[in-house]
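Here is what each chain is made of, one letter per residue.
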Amino acid sequence: MRFVAANSRDAMRQVREALGDDALILANRRIDEGVEILAMVESAVDAAAAESRPGRQAPVATPAAPPAPTRPQPERPEPARPEPARPQPARPQPAPYGTEPTPAAAPGGFESMSAQLLEEMRDMRSLLAREQAKREPDAGGRREQLQRVLLEAGFRLDLAQEVVAALPEELAGPGSVDEPTMAWLHRQLLMRLQGPDDEAAFMDRTGIVALIGPTGVGKTTTTAKLAARYVRRHGTRPVALVTTDSFRIGAHEQLRIYARLLDVPMYALNADQPVSDLLTRMQGKSWVIIDTVGMSQRDQRVIEQVAHLRGGASPVRLVLALNAASQAETLEEVVVRYRQAAQAAGAELTDCVITKQDEAGRLGPVLGIIMRHGLRLLFVSHGQRVPEDMSVADPDALIRQALESRVPTTDTPPGPASEPVGRSRSLLGQGRRLATLLQSLRQRLDGFREFEAVWDLLGLPPSVQQTRLETLLAAYPAHGQALGMLWGDRRRVKGERWSMPDLALNPDGHWLALPLLQHRQVAGQQARLEDVFYRLGVSVHLLVGLPDAEASRWLEQRQLTWSSLVRGSQRVDHAGERQTLSALAELAEPLDEVGCRFRGGAARLALSTLPVALTPKGNRRDAELMPVQAWFGSLRDAESGRSLASRYWVTPGRLGQEPAPLLLSQLQGDALAPLTRRAWQQLDPRELGELRPDARLLMAGGLAAVAAHLDLADDDAAMDLRAELLGLSGGRRRRRDVALLEALVQLFLVRDAIRHLGLGERETE
């Protein structure tokens, strides 16, 4: 039914009076008489759908973007009668939820529009069902299946829930676990398992290494294997073995046999003797390996043992031996107690080796404990042969083996509601995720470390901020770090007193995380281009508007690559006539469509191009024309096909169709200004403390650059980072790029709070 009233309130009263509280609003628009609403009762959907099938009088139109139904707001009902349907002239008005404007109803055409909306409503119901499935508990879905996979592999419940919580939306749909999902799981575990940089990094570092751990984990055999590797690499002269095991019968003899076979000296040390007692006897020994006496993790003498190993001026690297065949609860207790002992003795315990891998049914328990505590896994021992049965840890192979050696179970994995380890996830788990996120961002984004350095200015006096900022920006970016520049509009951002900073692009075409402030650039367009050319080596320029006459000549003299984003009203010369670009769009040669993201959603960009000529900006109209390539971009929604926007570019004619990929990079820069503005507003100095405006703008622009980069990137690593960030912020509540921006703000605020907490603790000490 169609309802017309002077305002929305009266129209909604008519709807409620005629159709009741279960009415669904299909469309609404402004008309000359006021407001027009199209509504129907839910029970009439099926019957009306049957009437609107192809072949009936009301043909079904091609569905556009589905309008979301809205229910009437509760108001006091007043008597009103629905007006009969009649054609009304209407002014175009955007429909709810970003749908296309509803065309004015012509005589006899309202039924056709009703049929079209009916089809759209059916599509909408399917969409709502899919969205509801995402919000409901993933019973039997991929999250539960992945959690079962991890539990069957032997990983603890807290780690399994922490990993699965970050499953990207792209993989979280219904169905069984497929190859991409398992590949994602493998990457998540690999990210949490730290291995050695290489064997040389450990073997070439001189000093004393002490193997510690409970009784029976294989420390003596592992000591011999390590010594054999040292001898193979450095010879026998600089290597020595030491044992402190005076309790086990034959312990000295076992290690002495190994020492004799390796032709290296062996020294015995009582458990209560400090290592310094042997230093004078081991002059000239660069690599010393200590086999300690095995002690239960519950033995109070563990602290004394570690303290004796720390005696003397020479530092001792502690390496914890973990038995792969032990239960997870036992391994957890071993790591906790031995790390506490090391801390009490003023030492650090960050390295470990896995022993008896060949005796373990599953690798998940020991690998999960190593991940949980952030230990670095150096070697894996898998037999008694010396030195053959020990290899450098290969995290990738170990995780693959752990996932392949699962033991099926029929038990239902506990869901989030019954999670018994919430405090662990919220503290230890979140801490690991924060550290891993920051490290991944440093590795992925050029300029991210400099971006972090700007955040470090928080809390400092303004004079110190200025000095450190000047020092930082004077060397950023380094020569060769930037291949191109995405130049911001020289006008101020609407509603703000600042202009969008410029962004440098690395040789791969990705933005550097820390932007460049406009007021620090030299004056004049040609001077700016020349400055970054000689100072940074920049040879690609993405401009807003046409370059002026001087800049055009300079760019052409050096044959540099550039593109200019222009308006459709830009006049060019084609076939001897001056016309606007928008008028020439139909004459352009179409190219292939490409996928992209636009305004936070998936889109398709259709490009076409046409050779034209134009007068350089600032020249007289009768000046010599410059041959250029005009580009026409049509953006459509990837799902509905709805038209989103049009874009126009101009590039040098000598480049032909070569700059096409640059246009996509420039288009994706559309999101930067609104994101920067949103970040600027969230970085309130009243909450963060005194902050220089230029530092605040650098932080806001950097947040926008990082958020936009992660939103636009389509590789697996970016997908994983997005999922981790959105998981930390409680999931996506808005547009994805906006949600990523807010998650980054939260990440840095937590990072800054932890950093200041550490400073406060040191000041207290």
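Look up a bit, the structure's there.
Here we summarise the structure given alongside this text. (Residues numbered from 1 in each chain as written. Predicted model: local features only at pLDDT ≥ 70, side-chain atom pairs only at ≥ 80, totals over all residues. Heavy atoms only, no water.)

## With respect to the environment of Leu516
On the secondary structure map, Leu516 appears in the loop between β13 (503–505) and α18 (525–536). Since its relative accessible area comes to 8%, Leu516 is described here as buried. Ignoring sequence-local partners within four residues, the contact set of Leu516 consists of Tyr476, Pro477, Met485, Pro501, Asp502 and Gln521. (Helix = DSSP H or I, 4+ residues; strand = E, 2+ residues; numbered from the N terminus. Buried < 20%, exposed > 50% of the residue type's maximum accessible area, 1.4 Å probe, protein only. Contact = heavy atoms within 4.5 Å.)

## Thoughts on the sheet that holds strand β3 (residues 34–41)
Here we have three strands laid out as an open sheet, ordered β1-β3-β2, and antiparallel in their pairing. Since the sheet does not close on itself, it has two edges, and those belong to β1 (2–5) and β2 (23–31), each with one partner. Between one strand axis and the next, the sheet turns by 25 degrees as a mean value, whatever way the strands run. Pairing between β1 and β3: four bridges, direction antiparallel. Bridge assignment links Phe3 to a residue of β3, and that residue is Ile37. (Pairing = 2+ DSSP bridges. Axes fitted to C-alpha atoms, helices over the stretch in contact; angles between N-to-C directions.)

## A few points about the pattern of salt bridges
A pair can form between side chains of opposite charge whenever their charged atoms are brought close. Under the criterion given, the structure shown has 36 salt bridges. Here Arg376 and Asp351 are joined by a salt bridge, their closest N and O atoms 2.8 Å apart. With Arg376 in strand β10 (residues 376–381) and Asp351 in strand β9 (residues 351–355), the pair connects residues that are 25 residues apart, well separated along the chain. Since its relative accessible area comes to 5%, Asp351 is described here as buried. Note that Arg654 is salt-bridged to Glu556, the shortest N-O span being 2.9 Å. A residue pair is termed long-range when its members are at least 10 positions apart, and Arg654 in the loop between β21 (643–652) and α21 (660–668) and Glu556 in helix α19 (residues 549–557) qualify at 98 residues. (Salt bridge = Lys/Arg side-chain N within 4 Å of Asp/Glu carboxyl O.)

## Let's talk about the packing of aromatic side chains
How two aromatic rings sit relative to each other is given by the distance of their centres and the angle of their planes. Taken as a whole and judged by the stated rule, the model has nine aromatic pairs. With a centroid separation of 5.9 Å and an interplanar angle of 65 degrees, the aromatic rings of Phe448 and Phe451 are classed as edge-to-face. Highlighted residues: Phe448 and Phe451, both in helix α16 (residues 448–455), separated by three residues, approximately one helical turn. Owing to a relative accessible area of 0%, Phe448 belongs among the buried residues under this scheme. Among the residues examined, Phe451 registers a relative accessible area of 0% and is labelled buried. Aromatic side chains Trp455 and Phe748 sit 4.9 Å apart centroid to centroid with 20 degrees between the ring planes, which places their arrangement in the stacked category. With Trp455 in helix α16 and Phe748 in helix α26 (residues 736–764), this pair connects stretches of sequence that are 293 residues apart. The structure contains a cluster of three or more aromatic residues connected by ring pairs, namely Phe448, Phe451, Trp455 and Phe748. The ring centre of Trp680 lies 3.9 Å from the NZ or CZ of Arg696, which sits over that ring. (Phe/Tyr/Trp six-rings, centres within 6.5 Å; stacked < 30°, edge-to-face > 60°. Lys NZ or Arg CZ within 6 Å of the ring centre and 35° of its normal.)

## Considerations on the pairing of strand β17 (residues 577–580)
Note on strand geometry: in a regular strand, side chains alternate between the two faces of the sheet. Pairing analysis gives four bridges linking strand β16 (residues 571–574) to β17, with the strands arranged antiparallel. Within β17, the residue paired with Val572 across the bridge is Gln579. The antiparallel pairing of β16 with β17 creates a hairpin that spans two residues between the two strands, and Ala575 there sits at a positive phi of about 55 degrees.

## Quick word on helix α24 (residues 693–712)
Here α24 spans 28 Å end to end across 20 residues, near enough to the 28 Å set by a 1.5 Å rise per residue. Of all 20 residues in α24, 19 are buried; the element is thus mostly enclosed. (Expected span 1.5 Å × (residues − 1).)

## Remarks on the nonpolar core
Core analysis: the biggest nonpolar cluster contains 93 residues, and Leu441, Phe448, Val454 and Leu703 have the highest contact counts within it. The greatest single-element share of this core, amounting to 13 residues, is contributed by α24. Membership of the second largest hydrophobic core comes to 57 residues, among which are Ala166, Leu331, Ile354 and Leu367. (Core = buried A, V, L, I, M, F, W, Y, C linked by side-chain atoms within 4.5 Å.)

## Digging into the side chain of Thr609
Considering the arrangement of structural elements, one finds Thr609 in strand β19 (residues 601–614). Engagement of the side chain of Thr609 in a polar contact is seen with the backbone oxygen of Ala630, the distance being 3.0 Å. Excluding residues that lie within four positions of it along the chain, Thr609 makes contacts with Ala588, Glu589, Leu591, Gln629, Ala630, Trp631, Phe632 and Gln657. (Polar contact = N/O pair within 3.5 Å; in protein donor to acceptor, adjacent residues only side chain to side chain.)

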